[in-house]
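Structure assessment
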There are 2 protein chains.
Amino acid sequence: MAPKNKTSFTLKTPKGTKDWAGSDALLRDQIFSTITNVFKRHGGMALDTPVFELREILAGKYGEDSKLIYDLQDQGGEICSLRYDLTVPFARWLAMNTDVRSIKRYHLAKVYRRDQPAMTKGRMREFYQCDFDIAGAQFDPMVPDSEVMKIVTEVFEDLGWKGNYTIKINHRKILDGLFEVCGVPQEKIRTISSAVDKLDKLPWEDVRKEMVDEKGLDGAVADNIQTYVVRKGGRDLLEYLLADEKLTANASAKAGLDDMSLLLDYLDAFGILDKISFDMSLARGLDYYTGVIYEVVTEGSAPATATSAPEAQALQRSAKKDKKIDADEDRSNDPSVGVGSVAAGGRYDDLVGMFSPKAQIPCVGISFGVDRIFSITKARLERENKKNTLRSSEVDVFVMAFGGKGFTGLLKERMQICRSLWEAGIKAEFSYKVKPKLPAQFKAAESNNVPFAVILGEDELAAGQVRVKEMGLPDGHPEKEGILVDITSLVAEIKKGLERKTKEENAPVDEAADIAQKVKDLL
Amino acid sequence: MAPKNKTSFTLKTPKGTKDWAGSDALLRDQIFSTITNVFKRHGGMALDTPVFELREILAGKYGEDSKLIYDLQDQGGEICSLRYDLTVPFARWLAMNTDVRSIKRYHLAKVYRRDQPAMTKGRMREFYQCDFDIAGAQFDPMVPDSEVMKIVTEVFEDLGWKGNYTIKINHRKILDGLFEVCGVPQEKIRTISSAVDKLDKLPWEDVRKEMVDEKGLDGAVADNIQTYVVRKGGRDLLEYLLADEKLTANASAKAGLDDMSLLLDYLDAFGILDKISFDMSLARGLDYYTGVIYEVVTEGSAPATATSAPEAQALQRSAKKDKKIDADEDRSNDPSVGVGSVAAGGRYDDLVGMFSPKAQIPCVGISFGVDRIFSITKARLERENKKNTLRSSEVDVFVMAFGGKGFTGLLKERMQICRSLWEAGIKAEFSYKVKPKLPAQFKAAESNNVPFAVILGEDELAAGQVRVKEMGLPDGHPEKEGILVDITSLVAEIKKGLERKTKEENAPVDEAADIAQKVKDLL
């Protein structure tokens, strides 16, 4: 071997990245397949794009976040960067495939951001996104947008979150209109919008300071903005804004409010109005949104730093008196560690046209942050004591051998039994020792919760039989020592046993969880 | 929107990369899940590592191929490179997790090589690998190695290849031994081994030229090597080599031959000896292999350039007279476009120790090249006229509306029907127009082969009914115009219809039922 041993550097993954192994990797895969099933149920087509794009594709799409893009080194040839999200690659694909005039596509893949990692909050430099987007030129307003919200609720219900999440929505045209009405100069609208977006993490006082001191906004204009952006609600808030004559006189705000009115109607038809909070402080950082925007939050979404200044609290209280305030507000003051939003998205009608004006096609979509969803789901499973049901691999049968003096190890016989199990689709393994000790074989099976052992002995084999032992039976159980089975009926016997165990495990565990949930709901 | 339209650059994916969409993406996902199922059946644990590693992790692992590694730009912070394979990241993980002393792990992910792309041969710069590896310190020789071969056969059988593949095997210790016996100087062994590995692409004449002219080997030594490396076979070849006293006097060659003898025994126990070709020309390019090595080839694996020089052909013919020659040899002269090997791997006992001597752990594994497997599988489906059964999305029901004068479009009613279908797990879609035209709705359903239409009309709705129409029924069929169904039994009706259609499609098209099942599993 040419290369020498090298131990002069730290053995680690790069900053902000991690390995996923064992039960964590399996749980994440289960989350992926839950999400993919919802996407397919809504007619999604799978799209997979390269992990890097020509750097020019990404340029000018991400506003202040462009500095977070990872670049590939120039090794001769094209200049490329790692993708920052899955939305811009989708828009690039649409601009290249101009025959596609209407499409629902999904994409589950890693994206890359040179951000300051915060592992405990699930903020990584390499992380998964699961995106669903609807593109189409001929659609009527807010119809696809409302289906995207419906998808959000199905994903979280299928993940077992039982309504414990809120979809915050707002509209870029309403925001732009109110900034105009409040007196924000045109060229400052995007940057003031970015400041407003921080209201879920910072008190109003700090955001106002950023607007006035850093971004040079007039203090009175900032105070005007405040009267709007602290408001949250549902149809009530929409009616309140529609009654604001200054606002409805603004063409952009009026168009946004009309969209919002349609959207709430459609969400009602889908039966998900109770999951929505119309939140005027939601602005979203990215440049490319043009219509409705949304973010999904849950318990644990709130960051540890969210303590409101007294003035902002007082204002929120007065807003509360006026209007129904979303339950989420109280959570946002929870000092427990938060992980931020678990899904986010919006409408981006101009992004494809930035690549090719003739390919212009309006789009709306959602991106699920799987790493955060994973952290929350895993914590729930641990609370519910279901963690131990997650195994790092899924073996059904451990094929063992034992014998007395002159024991050969029966290696080839174990191989042949495994072969017949594998070929019947049964997950099986055996010791890689020629003469394994029986206790070591049992220990290997027990350490991974393998449910069945098949034990080979020379005398039994001579009679065409093997012993099948269900693991973990209590002392005194009539089958504690296993049962002798003809080799010809081994596969059938194992399949029967596995079916029975699956039934046993599924029934009572779910029932117990339901009861636990009901008790929790009562408390 | 801040950014301006930019159309001054070519809209494309980077060189050697491509987008995967629609039915291609679905077929590839099905291949992934077939392979994953085999890996899980053998007790594999899922591992996912970052797409980039610290550059020092990859350094000194890939021999002549190191120049193909993609580097990330130094943007301040750590120096990183994109992963070149999944083996080195696995070894790095083992070296970091010293509590793991025995593991079977699988990993499906993209890897990156700045190679000259050849799209038609499926050689890309970004491509998927599907790896299964077994690591363990206490195992007896060749037991895990033989299970890896068994996994290879299960993957290709489950993919429906029906035995149409060959596993070429060889052993690094046999090769190193024979190079010593032939008189290759110690420091030239690795580079001469790389030259031998090209024998599947180049005639002997060219390889000899590389050895003698480029690598400075004595011509007589090269001729000695030739007498060995043209040989292929099975147990017969092993016996022939064991009878070669010069060879067996070499400790390395003897150890390799003993391993090979055990391996053939175990492959026999697994019932897969007929899939194996012991091929002395197989050398594998990578530095890190230390024991058995293998490569899986199939029809279409042979490259277009593989025309042997007359001398080499004559030698191969004489070898054929001596010994049984693998059927693959004839294919290797097929001038049709080839895609190279579809899977490859081997034993690498020293790689983990290169990161940390105290973490040393022997490993053996296999890597499946999914992009090549995809090309071959897709071509087969097209030959079998099954391509048209691959849909780009999997919608079961298109929910439509129609009406005469004063037609409202029944948008909310379509939404409510879709909602009830989705919540029952049925894949459904509807037009995003407020007042869609009936022909346009049918066209949308037909263009994606949606099997059922649910048609809403105002009169039927008033009576609590909708029309269910199976698409594609012939003229004159009694249910050509659909049947009226109570809304309360719509879900049950659709489920019944879908079950019936699934059964109809499953009815054996091919004569052997299990072959039909395998093909269907792919679709």
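Residues numbered from 1 in each chain as written. Chains lettered and ligands numbered in written order. Predicted model: local features only at pLDDT ≥ 70, side-chain atom pairs only at ≥ 80, totals over all residues. Heavy atoms only, no water.

1. A few points about the relation of the copies chain A and chain B
- Mapping chain A onto chain B calls for a screw motion: a turn of 180 degrees about the axis and a shift of 0.0 Å along it, with 0.1 Å RMSD after fitting. In symmetry terms, the pair is related by a two-fold rotation axis.
- Taken together, the interface assignments show that 100% of the residues at the interface of chain A recur at the interface of chain B, consistent with an identical surface on both copies. (Least-squares fit on C-alpha atoms with pLDDT ≥ 70 in both. Contact = heavy atoms within 4.5 Å.)

2. Comments concerning the UniProt feature "binding site: L-histidine" (unreviewed entry) in chain A
Residue and element names in this part refer to chain A.
- UniProt's feature table lists "binding site: L-histidine" (unreviewed entry) at D85, L86, T87, R113, Q129, D133, R284, Y288 and Y289, given in the numbering used throughout.
- Considering the arrangement of structural elements, one finds T87 in helix α3 (residues 87-96).
- Owing to a relative accessible area of 8%, T87 belongs among the buried residues under this scheme.
- Mapped onto the elements of the fold, R284 is located in the loop between β9 (276-279) and β10 (292-297).
- Look at R284 and you get buried, because its relative accessible area is 14%.
- Setting aside its immediate chain neighbours within four residues, R284 contacts R172, D197, Y289, I293, Y294, E295, A344 and G345.
- Here Y289 takes part through its side chain, which lies 3.5 Å from a polar atom of the side chain of R284. (UniProt positions renumbered as here; feature names shortened; annotations may be inferred. Helix = DSSP H or I, 4+ residues; strand = E, 2+ residues; numbered from the N terminus. Buried < 20%, exposed > 50% of the residue type's maximum accessible area, 1.4 Å probe, protein only. Polar contact = N/O pair within 3.5 Å; in protein donor to acceptor, adjacent residues only side chain to side chain.)

3. Observations regarding the packing of aromatic side chains
- Throughout the structure, instances matching the rule amount to 41 aromatic pairs over all chains.
- Over the face of the ring belonging to A:W20 we find A:K18, whose NZ or CZ atom lies 4.1 Å from the ring centre. (Phe/Tyr/Trp six-rings, centres within 6.5 Å; stacked < 30°, edge-to-face > 60°. Lys NZ or Arg CZ within 6 Å of the ring centre and 35° of its normal.)

4. Comments concerning the environment of B:D265
- Take B:D265: it is sitting in helix α11 (residues 251-269).
- Judged by relative accessible area, which is 25%, B:D265 ranks as partly exposed.
- The spacing of B:D265 and B:G404 is 139 residues in sequence and 77 Å in space, taken between C-alpha atoms.
- Non-local contacts of B:D265, meaning those with residues more than four positions away in its chain, are made with A:K412 and B:R235.

5. Overview of the domain arrangement of chain A
- In terms of domains, chain A is made up of domain 1 (22-308 + 333-384) and domain 2 (397-506).
- On a C-alpha basis, the centroid separation for the pair domain 1 of chain A and domain 2 of chain A is 52 Å. (Domains from an automatic or database assignment.)

6. So, the interface of chain A and chain B
- Counting from both sides, the interface comprises 111 residues of chain A and, opposite them, 111 residues of chain B.
- Summed over both sides, the interface between chain A and chain B buries roughly 9500 Å², with carbon and sulfur atoms accounting for 59% of that surface.
- On the surface where chain A and chain B come into contact, there are 16 salt bridges.
- Among the ionic pairs, A:K12 bridges to B:E78, the shortest N-O distance being 2.5 Å.
- For the interface between chain A and chain B, the tally reads 44 residue pairs in polar contact (both at pLDDT 80 or more).
- Here the residues of the side of chain A that touches chain B sort into 51 nonpolar, 24 polar and 36 charged.
- In terms of strand pairing, strand β1 (residues 20-21) of chain A meets strand β2 (residues 45-48) of chain B through 2 bridges, oriented antiparallel. Considered in β2(B), the bridge of A:W20 is made with B:D48. (Buried area = accessible area lost by both parts, 1.4 Å probe. Salt bridge = Lys/Arg side-chain N within 4 Å of Asp/Glu carboxyl O. Nonpolar A, V, L, I, M, F, W, Y, C, P; charged D, E, K, R; others polar. Pairing = 2+ DSSP bridges.)

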